[in-house]
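So you can see what is in the structure, the chains are spelled out below.
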Amino acid sequence: MLAHVWGLMAHPNREWKQIQSERETITHLYAHHVLLMAAVPVICAFIGTTTVGWHIGDTRPILLTPLDALGAGIAFYIIILAAVTLMGYVIHRMARRYSSHPSLRRCVIFAGYVATPMFLAGLVAVYPLIWLCLLAGIIGLCYSAYLLYLGIPAFLGISHEEGFIVTGATLGIGVLVLEAMLAVTVLVWGYGARWLLGSV
């Protein structure tokens, strides 16, 4: 798993070919990559919101209790896992109109690896400054877009010309999904799991 993470960040073209040759399943992808990588932003946000707190302007930091942060973390984790599958389905729907017709399995696996920079961007949540989290998110999103563009011909077998259209459409939908996730994240981590989930 760590070899793929390093490979996607250091030499993505070669790594896409390596991932393609493995012919892994969705279960294997989740067990060895997504479940672990999705935990990175969740654990970092748990540490940041319980020890440092959110800083918004000159106000006092907003700290969560460990119990509230645990509930928020579980909700956040489930949302991330669902978003990977959703983006795999989106890529599959977009790619169906082209000649290669990649399977849903390949598209979900592709989405799981494309999300790697976004998972790594979650490291900054250990010190949750709004501007720092936004900057890391933008950098992660840009690199994910780069992986998406490189991987569509290398992993899904769609030509660069057709892949450019798939990349643009997928990226647009991905940004909407990301914005929805960020909105939920602000509610969950900023105001506490008890308030959001309606618990006592």
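Counting starts from 1 at the beginning of each chain's written sequence and moves along it residue by residue. Under the rules for a predicted model, residues below a pLDDT of 70 receive no local features and side-chain atom pairs below 80 are neither given nor counted, while totals for whole chains, interfaces and linings still include all residues. The side-chain numbers reported here are obtained from all heavy atoms of the structure, hydrogens and water having been left aside.

- UniProt positions are given in the numbering used here, feature names are shortened, and annotations may be inferred rather than shown by experiment. Within the UniProt record for the protein, the comment given under Subcellular location (unreviewed entry) is "Membrane".

1. Topic: the confidence of the model for the protein
Move 1: A residue's pLDDT is the confidence the predictor assigns to it, expressed on a 0 to 100 scale. Summary statistics for the protein give a mean pLDDT of 82 and a share of 83% for residues scoring 70 or more.
Move 2: A run of H or I in DSSP counts as a helix once it spans at least four residues, and a run of E counts as a strand once it spans at least two, with each numbered from the N terminus. Within the protein, helix H10 (residues 193–197) has the poorest average pLDDT of any element, 47, and helix H3 (residues 26–37) the best, 93.
Move 3: Should any heavy atoms of two residues lie within 4.5 Å, those residues are counted as being in contact. Note that pLDDT drops below 50 for residues 192–197; the model gives that stretch 16 contacts with residues more than four away or on any other chain.

2. Focus on helix H1 (residues 2–10)
Spacing of three or four residues puts side chains on the same side of an α-helix, whose turn is 3.6 residues.
Move 1: Listing the buried residues of H1 in full gives His4, Val5, Gly7 and Leu8.
Move 2: Against the buried residues of H1 lie helix H2 (12–22), H3, helix H6 (104–114), helix H7 (116–121) and helix H8 (130–156). Only protein chains enter the calculation, and the probe is 1.4 Å; a residue is then buried if its accessible area is under 20% of its type maximum, exposed if over 50%, and partly exposed in between.

3. A closer look at the nonpolar core
Move 1: Among the nonpolar cores identified, the biggest contains 38 residues, and Trp16, Phe110 and Leu156 are the most heavily contacted of them.
Move 2: Of all elements in the fold, only H1, H2, H3, helix H5 (66–95), H6 and H8 reach the threshold of two or more residues within this core. Buried Ala, Val, Leu, Ile, Met, Phe, Trp, Tyr and Cys residues form a nonpolar core when they are joined through side-chain atoms within 4.5 Å.

4. Examining the packing of H3 against H5
Move 1: Fitted lines through C-alpha atoms serve as axes, helices being fitted only where they are in contact, and the angles separating the N-to-C directions of these axes extend from 0 to 180 degrees. Remark: H3 packs on H5, axes separated minimally by 10 Å, with the N-to-C direction vectors making an angle of 125°. One way to sum up the angle between H3 and H5 is to call them oblique. Like other packed secondary-structure pairs, H3 and H5 cross with a definite hand, here right-handed. Across the interface between the two elements, Tyr30, Val34 and Leu35 of H3 pack against Tyr77, Leu81, Val84 and Thr85 of H5. Throughout, the term roughly parallel applies to angles under 35 degrees, roughly antiparallel to angles over 145, roughly perpendicular to angles from 65 to 115, and oblique to all others. In a left-handed crossing the near helix is turned counterclockwise from the far helix by less than a right angle, and in a right-handed crossing that turn is clockwise.

5. Comments concerning the packing of H5 against H6
Move 1: In the contact formed by H5 and H6, the axes pass within 7 Å of each other and the chain directions differ by 125°. In terms of orientation, H5 lies oblique with respect to H6. As for how H5 packs across H6, the hand of that crossing is right-handed. Side by side, H5 and H6 meet where Val84, Thr85, Met87, Gly88, Tyr89, Ile91 and His92 of the first sit next to Leu104, Cys107, Val108, Phe110, Ala111 and Gly112 of the second.
Move 2: Only Asp, Glu, Lys and Arg are considered charged in this grouping, and only Ala, Val, Leu, Ile, Met, Phe, Trp, Tyr, Cys and Pro are considered nonpolar; every other residue, Gly among them, is considered polar. For the contact of H5 with H6, a count of residues per class yields nine nonpolar, four polar and no charged.

6. A few points about the side chain of arginine 106
Move 1: The residue arginine 106 is located in helix H6 in this model.
Move 2: Under this rule, positive means Lys or Arg and negative means Asp or Glu; His and the chain ends count for nothing. Throughout this description, the term salt bridge denotes a Lys or Arg side-chain nitrogen within 4 Å of a carboxyl oxygen of Asp or Glu. There is no salt bridge for the buried arginine 106, and the closest opposite charge comes from glutamate 24, which lies 9.5 Å off by N-O distance.
Move 3: Setting aside anything within four residues of it in sequence, one finds arginine 106 in contact with Gln20, Arg23, Phe155 and Leu156.

7. Some words on the packing of aromatic side chains
Move 1: The rule is short: rings of Phe, Tyr and Trp, with Trp giving its six-membered ring, pair when the centres are within 6.5 Å, and they are stacked under 30 degrees, edge-to-face over 60, tilted in between. One pass over the full model with this rule turns up four aromatic pairs.
Move 2: Taking the centre distance of 5.0 Å and the plane angle of 45° together, the rings of tryptophan 16 and phenylalanine 110 count as tilted. Taken as a pair, tryptophan 16 in helix H2 and phenylalanine 110 in helix H6 lie far apart in primary sequence, 94 residues in all. An identical accessibility class is assigned to tryptophan 16 and phenylalanine 110; each is buried.
Move 3: Ring geometry for tryptophan 16 versus phenylalanine 155: centroids 5.6 Å apart, planes at 45°, classification tilted. Residue tryptophan 16 is located in helix H2, and its partner phenylalanine 155 is located in helix H8; the two are separated by 139 residues in the primary sequence.

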